[in-house]
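Report on the structure
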Amino acid sequence: MSYESPIASRLTAELGTTAAGHFAQALDERSQPPALVPQHEAPWRIDLAQQISSMTPEQLCGGSVKDLEGGKAVKSGLLLWNDDLDSSHTISQSLQGPTGSYWHGIMHRREPDYSNAKYWFHQFGEHPIFPELKEAAVAVAGHLELEEWQIKIESSYEWNAIQFIDWCQDAGGGRLTAVQLQFLRLTQLEEIRLLLIHSYRQAQRRR
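An account of the accompanying structure is given in this report. Since we're looking at a predicted model, the values are computed, not measured.

In this section: the overall build of the chain. Of the regular secondary structure elements, the chain holds twelve helices and zero strands. Dimensions along the principal axes, computed over C-alpha positions, put the chain at roughly 45 × 35 × 35 Å. Going through the 207 residues of the chain one by one, you find that 52% of them count as buried. Across the chain, contacts joining residues at least 24 apart in sequence account for 71% of those joining residues at least 6 apart.

In this section: helix α12 (residues 178-203). Relative to the 38 Å expected for 26 residues at 1.5 Å per residue, α12 spans 37 Å between its end C-alpha atoms, a close match to the ideal helical length. Backbone geometry just downstream of α12 places Arg-205 in the positive-phi region, at approximately 55°.

This next bit is on the packing of aromatic side chains. Counting across every chain of the model gives ten aromatic pairs. Feature note: the residues Tyr-102, Phe-121, Phe-124 and Phe-130 constitute an aromatic cluster, connected by ring pairs.

This brings us to the packing of helix α5 (residues 68-81) against α12. The geometry of α5 relative to α12 is characterised by a closest axis approach of 7 Å and an angle of 155° between their N-to-C directions. It follows that α5 is roughly antiparallel to α12 by the angle criterion. Once α5 is placed against α12, the crossing between them reads as left-handed. Contacts from Glu-69, Gly-70, Gly-71, Ala-73, Val-74, Gly-77, Leu-78 and Trp-81 of α5 reach α12 at Leu-189, Ile-192, Arg-193, Leu-196, Ser-199, Tyr-200, Gln-202 and Ala-203. Residue composition of the contact of α5 with α12, grouped by class: nine nonpolar, five polar and two charged.

What counts and what doesn't
Residues numbered from 1 in each chain as written. Predicted model: local features only at pLDDT ≥ 70, side-chain atom pairs only at ≥ 80, totals over all residues. Heavy atoms only, no water. Helix = DSSP H or I, 4+ residues; strand = E, 2+ residues; numbered from the N terminus. Buried < 20%, exposed > 50% of the residue type's maximum accessible area, 1.4 Å probe, protein only. Contact = heavy atoms within 4.5 Å. Expected span 1.5 Å × (residues − 1). Phe/Tyr/Trp six-rings, centres within 6.5 Å; stacked < 30°, edge-to-face > 60°. Axes fitted to C-alpha atoms, helices over the stretch in contact; angles between N-to-C directions. Parallel < 35°, antiparallel > 145°, perpendicular 65-115°, else oblique. Left-handed = near helix turned anticlockwise from the far one by under 90°. Nonpolar A, V, L, I, M, F, W, Y, C, P; charged D, E, K, R; others polar.

Coordinates in, geometry out; function isn't part of it.
Dropping the structure here:
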């Protein structure tokens, strides 16, 4: 049975009929969650990469953007979801806040450059999406019957982003099972969705 994400519907409702919402729906049509490390140099869909890149944050977010850094973070996140790592990186490395550093860290994790990813995660320490991401990871682990990982995550005081990077590195080294790999990919997708919601709300200065 495939995993039904409650966050996917929240993302759709949050972005609504904006261009960002249109692109998010297209990206959610992928048959599998994005790979931890893309195995191809080109984006998943070149046409989406071109369309997203051509739009301003205002055009992506439906007109008014009250926080430009949040709007740019939306653009960086959509590009990263589409496996356009270089274009996403060009934007995220110019952002100063914790959300920009978060997108920057995910990009390096997927590159993969694990030590650099950890550097950027250490730049912001905690992030507002961490509690919900921890809940999502527990739900995904439960769905996949990864009881040991479910207990480990659930018993942790907070979401351990550095542990997640280590698991991604273990996956790259072929040290994880197929089910564990699927957990990482599904959790990464939930992370991207949550961070897009947060970025969009930041762009609109909503809490």
